[in-house]
Amino acid sequence: MSFSDNLKKFLLKNGATEAGFADITNFTPKKELNTGIVFYITYPKEIIRNMENAPTQEYVDELVNLNSRLDELGMKCEKYLIEHGYKAYAQTKKRLGTDFGENNGFELPHKTIATRAGLGWIGKSALFITSKYGSALRLSSVLTNASLEIGNPTLKSKCGKCMECKDACLGGAISGKEWNYKLKRNDFYDDKKCEKYALEISYENLGKADTVCGKCIFACPHTQKYIKRL
């Protein structure tokens with residue numbers, strides 16, 4: 001069994017739903033760390049099933065729980081790589097803080113690594129989507145200099161003419177334009193509109209303003225297929 005196989009087995013054994021590897025030579029913010037390791041954990045079906053009037057408190061609680069689990073897994077992965085003689089940097093939420101994302105030049109978005117690893121694509125909602133789980137998942141990643149068996153990059157969307165997330169977004173953040181690897185997030189999605197509406201609906205539903213919503217997660221047909229599977 002190759003080191004790539006052993007590493008993936010390690011990640012899945014420690015809680016990842018899926019994992020993949022990507023060549024990030026042209027994207028890496030960390031010199032010499034040219035391989036991206038990305039993994040995700042899915043939301044439980046029962047929590048997403050109750051998201052028609054999103055957000056819900058159980059969704060928010062699970063979001064915090066998944067972030068914690070992903071951070072823990074990232075650090076385990078970093079330690080695993082270092083123990084095997086490689087350099088590694090886990091892009092944990094604790095390290096990256098709240099400013100992590102599209103406009104932060106110090107780290108590489110998990111979604112970028114995930115598409116480069118071929119695990120899925122970016123939806124019109126700017127969320128990472130897989131055919132099996134829709135957008136009902138959260139990502140994390142580790143940068144390393146280990147030579148791994150990389151996936152085939154996903155370069156364009158598989159959303160087609162679907163507008164379910166756009167129709168579900170009452171904040172008007174989703175333009176309906178399809179993603180491809182050349183686009184910046186703000187070319188097809190307005191994060192300020194998303195944040196504005198999320199603050200309003202979270203206060204209405206939860207009694208506390210927060211930047212959480214989740215309507216687009218629930219609306220995605222791939223998410224719906226996932227939560228309807230037995």
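Within every chain, residues take consecutive numbers counted from 1 along the sequence as written. Local features are withheld for residues below a pLDDT of 70 in this predicted model, meaning they are given only at 70 or higher, and side-chain atom pairs are given and counted only at 80 or more; totals for whole chains, interfaces and linings count all residues. The side-chain quantities take in all heavy atoms of the structure and omit both hydrogens and water.

Asks: Any chance you could break down helix H9 (residues 221-228) for me, citing the residues and the numbers?
Replies: Burial classes follow relative accessibility: with a 1.4 Å probe on protein chains only, a residue under 20% of its type's maximum area counts as buried, one over 50% as exposed, and anything between as partly exposed. Secondary structure is summarised from DSSP: a helix means a run of H or I of at least four residues, a strand means a run of E of at least two, and numbering begins at the N terminus for each. Burial in H9 covers these residues: His222, Thr223, Gln224, Tyr226 and Ile227. In what follows, a contact means two residues having at least one pair of non-hydrogen atoms within 4.5 Å. Buried residues belonging to H9 abut strand E2 (35-42), helix H2 (45-49), strand E4 (121-122), strand E5 (128-129) and helix H8 (215-219).

Asks: A description of the packing of aromatic side chains should follow, citing residues and the corresponding values.
Replies: Between 30 and 60 degrees the pair is tilted, below 30 it is stacked and above 60 it is edge-to-face, where a pair is any two Phe, Tyr or Trp rings, Trp via its six-membered ring, whose centres lie within 6.5 Å. Per the counting criterion, the structure on display carries six aromatic pairs. Ring centres of Phe3 and Tyr86 lie 5.2 Å apart, and the angle between their planes is 40°; this geometry places the pair in the tilted category. Highlighted residues: Phe3 in helix H1 (residues 3-13) and Tyr86 in the loop between helix H3 (57-83) and strand E3 (88-90), separated in sequence by 83 residues. Note on Tyr133 and Tyr226: the rings are 5.2 Å apart at their centroids and 80° apart in plane angle, and the pair reads as edge-to-face. Here the residue Tyr133 occupies a position in the loop between E5 and strand E6 (137-144), and Tyr226 occupies one in helix H9, the gap between them amounting to 93 residues. Residue class for Tyr133 comes out buried when judged on its relative accessible area of 13%.

Asks: Pulling in residues and values, what's your account of unusual backbone geometry?
Replies: Across the junction of Ala54 and Pro55, the peptide omega takes the value 0°, indicating a cis bond. When you line up the elements, Pro55 lands in the loop between H2 and H3. One non-glycine residue with positive phi stands out, namely Glu32, at about 80°. One can find Glu32 in the loop between strand E1 (18-23) and E2. A positive phi angle, close to 75°, is found at Ala126, a residue other than glycine.

Asks: A description of the side chain of Thr35 should follow, citing residues and the corresponding values.
Replies: The residue Thr35 is located in strand E2 in this model. Taking the relative accessible area as the measure of exposure, Thr35 reaches 10% and is therefore buried. Think of a polar contact as two N or O atoms within 3.5 Å of one another; within protein, one of them needs to be a possible hydrogen donor and the other a possible acceptor, and neighboring residues in sequence only count if both atoms come from side chains. Separated by 2.9 Å, the side chain of Thr35 and the backbone oxygen of Ala146 make a polar contact.

Asks: Break down the environment of Lys225 for me, citing the residues and quoting the values.
Replies: Residue position: Lys225 is located in helix H9. Residue classification places Lys225 among the partly exposed residues on the basis of a relative accessible area of 48%. C-alpha of Lys225 to C-alpha of Gly134: the two residues are 91 residues apart in sequence and 7.9 Å apart in space.

Asks: Provide a residue-level description of the sheet that holds E1, including the pertinent values.
Replies: We treat two strands as partners when DSSP finds at least two bridges between them. With antiparallel pairing, four strands are arranged side by side in an open sheet as E1-E2-E6-E3. The outermost strands of the open sheet, each flanked by one partner alone, are E1 and E3. Taken pair by pair, the neighbouring strands of this sheet meet at an average axis angle of 25°, ignoring direction. Pairing of E2 with E6, which is carried by eight bridges, proceeds in the antiparallel orientation. Bridging from a neighbouring strand, Phe39 pairs with Ser140 of E6. To get an axis, a line is fitted to the C-alpha atoms, and for a helix only the part in contact is used. The angle between two axes follows their N-to-C directions and goes from 0 to 180 degrees. Where H1 meets the sheet, it contacts E1 and E2, and its direction lies at approximately 140° from that of E1.

Asks: Account for the packing of H1 against H3, naming residues and giving values.
Replies: Axis separation between H1 and H3 bottoms out at 11 Å; the angle between their running directions is 150°. It follows from the interaxial angle that H1 and H3 lie roughly antiparallel. Helix-helix and strand crossings are classified by hand; for H1 and H3 the assignment is right-handed. Of the residues in H3, those touching H1 at Phe3, Asn6, Leu7, Phe10 and Leu11 are Leu73, Lys76, Cys77, Tyr80 and Leu81. Of the residues assigned to the contact of H1 with H3, the class counts are eight nonpolar, one polar and one charged. Oblique is the label for any angle not covered by the other classes, which are roughly parallel (under 35 degrees), roughly antiparallel (over 145) and roughly perpendicular (65 to 115). By definition, any crossing whose near helix is turned counterclockwise from its far helix by less than a right angle is left-handed, and any crossing with a clockwise turn is right-handed. Only Asp, Glu, Lys and Arg are considered charged in this grouping, and only Ala, Val, Leu, Ile, Met, Phe, Trp, Tyr, Cys and Pro are considered nonpolar; every other residue, Gly among them, is considered polar.

Asks: I'd like to hear about the pattern of salt bridges, residue by residue, with values.
Replies: Here a salt bridge means any side-chain nitrogen of Lys or Arg lying within 4 Å of a carboxyl oxygen belonging to Asp or Glu. Taken as a whole, this structure holds six salt bridges when the rule is applied. Here Glu18 and Lys8 are joined by a salt bridge, their closest N and O atoms 3.1 Å apart. Of the two residues, Glu18 sits in strand E1 while Lys8 sits in helix H1, which places them ten residues apart along the sequence. Between Glu32 and Lys87 there is a salt bridge, with its nearest N and O atoms 2.6 Å apart. On the criterion of sequence distance, the pair formed by Glu32 in the loop between E1 and E2 and Lys87 in the loop between H3 and E3 is long-range, its members being 55 residues apart.

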